[in-house]
Amino acid sequence: MPARSVLHAGCGTDSPGKLHAIFRSAGWIETRLDIDMRVHPDIVCSIHDMSAVVETGAFDALWSSHNVEHLHAHEVPQAFAEFFRILKKDGFALIRCPDIEAVAELVLRDGLEQTAYLSPAGPITALDMLYGHSASIARGGESMRHHTGFTAERLGRMLLNAGFVEVHTRRAVDYDLWALAFMPDAAPAPVMSALARVGLTFEA
């Protein structure tokens, strides 16, 4: 089988653990894309306009983890249209972002500044999930600011509006929201089975 290509959109600093487990095999080749040249990506640009640097139908898959919330609301449709454009007709996108509904529940229950969980970057609060990681922003990481948020309904609807023909979402217990979006000629079952084998399931 020829190797398949995955665009790691909003890759951040290079670390093997940042690539989702489904893509960590000899069968996949990663291309790293980020707006911040300091993280040494393969491609430097914003995900809402990749037209100058990424050809149409260039990738088999797209992986975006905690990146789409950094967009402004008006940029989200543009970014999702770009996700659709750069994928092959049988490709898919796997997206993870904060679950704004779960964060709202956290605010009502524990307030804005109570530690929700510990990450490699340190304690994470509701404020961090709503507006961006405070410590990183304080160190000059302006691109870490959050400008929009997603519920399962909003994320799924906007991906469908971008042209994806089948979208599955999942609310996780760790304040994460997942989406799996398929291109028109994709075969969803093998992808969902592969994800299930590494612990990520969606309703069929």
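Residues numbered from 1 in each chain as written. Predicted model: local features only at pLDDT ≥ 70, side-chain atom pairs only at ≥ 80, totals over all residues. Heavy atoms only, no water.

Engineer: What's the story with the overall build of the chain in this structure? I'm lost.
Structural biologist: Scanning the chain from terminus to terminus reveals six helices and nine strands. In summary, the chain has a C-alpha radius of gyration of 16 Å against a globular reference of 17 Å for 204 residues, a match within 12%. Counting all 204 residues of the chain, 49% fall into the buried class. Roughly 10200 Å² of accessible area belongs to the chain as shown, and the carbon and sulfur atoms make up 55% of that amount. Both charge centroids of the chain, one from 17 positive and one from 25 negative side chains, sit 3 Å from each other. (Helix = DSSP H or I, 4+ residues; strand = E, 2+ residues; numbered from the N terminus. Rg over C-alpha atoms; globule rule 2.2 N^0.38 Å. Buried < 20%, exposed > 50% of the residue type's maximum accessible area, 1.4 Å probe, protein only. Areas by Shrake-Rupley, 256 points an atom, 1.4 Å probe, with all protein chains shown as cover. Lys, Arg positive; Asp, Glu negative; His and termini not counted. Charge placed at Lys NZ, Arg CZ, Asp CG, Glu CD.)

Engineer: Any chance you could explain the pattern of salt bridges here in plain terms?
Structural biologist: Taken as a whole, this structure holds eleven salt bridges when the rule is applied. Note that Asp176 and Arg96 form a salt bridge whose closest N and O atoms lie 3.9 Å from each other. Taken as a pair, Asp176 in strand S9 (residues 176-182) and Arg96 in strand S5 (residues 87-98) lie far apart in primary sequence, 80 residues in all. Close ionic contact of Arg171 with Glu101 constitutes a salt bridge, the shortest N to O distance being 3.5 Å. With a gap of 70 residues between them, Arg171 in strand S8 (residues 166-171) and Glu101 in helix H2 (residues 100-110) connect regions that are remote in the sequence. Put simply, Asp99, Glu101, Glu105 and Arg171 are held in one network by salt bridges that share partners. (Salt bridge = Lys/Arg side-chain N within 4 Å of Asp/Glu carboxyl O.)

Engineer: Whenever I open this one, the nonpolar core confuses me. Can you help?
Structural biologist: In globular proteins that are soluble, nonpolar side chains generally tend to be buried together. Of all hydrophobic cores here, the largest spans 33 residues; its most connected members are Val68, Phe80, Phe83, Phe150 and Phe164. Secondary-structure elements contributing two or more residues to this core are strand S1 (4-9), strand S4 (59-65), helix H1 (76-86), S5, helix H5 (152-161) and S9. With six residues, H1 is the largest single contributor of residues to this core. The residues touching Phe164, leaving out its near neighbours within four places in the chain, are Phe80, Phe83, Phe84, Leu87, Ala93, Leu159, Ala181, Phe182 and Met183. Trp63, Leu94, Phe182 and Ala186 belong to the second largest nonpolar core, which has 20 residues in total. (Core = buried A, V, L, I, M, F, W, Y, C linked by side-chain atoms within 4.5 Å. Contact = heavy atoms within 4.5 Å.)

Engineer: Whenever I open this one, the pairing of S4 confuses me. Can you help?
Structural biologist: The side chains of a regular strand alternate, first on one face of the sheet and then on the other. When you tally the buried positions in S4, you get seven out of seven residues, the bulk of the element. Of the strand pairs in this sheet, S1 and S4 are connected by four bridges, and their pairing is parallel. Following the sheet pairing, Ala9 is matched in S4 by Ser64. Strand direction decides the pairing type here: S4 and S5, joined by six bridges, are parallel. Across the sheet, residue Ser64 finds its bridge partner in S5, namely Ile95. With H1 bridging S4 and the parallel S5, this β-α-β connection has right-handed handedness. (Pairing = 2+ DSSP bridges. Right-handed = clockwise from strand over helix to strand, strands pointing away.)

Engineer: I tried to follow the packing of H1 against H5 on my own but got confused; where do I start?
Structural biologist: Packed helix pairs are specified by the crossing angle of their axes together with the interaxial distance, meaning the distance between the axes. In the contact formed by H1 and H5, the axes pass within 9 Å of each other and the chain directions differ by 55°. As far as their axial angle goes, H5 and H1 are oblique. Here H1 runs over H5; the crossing is right-handed. Each of Val76, Pro77 and Phe80 in H1 lies in contact with H5, whose residues at this interface are Leu155, Met158 and Leu159. When its residues are assigned to classes, the contact of H1 with H5 shows six nonpolar, no polar and no charged. (Axes fitted to C-alpha atoms, helices over the stretch in contact; angles between N-to-C directions. Parallel < 35°, antiparallel > 145°, perpendicular 65-115°, else oblique. Left-handed = near helix turned anticlockwise from the far one by under 90°. Nonpolar A, V, L, I, M, F, W, Y, C, P; charged D, E, K, R; others polar.)

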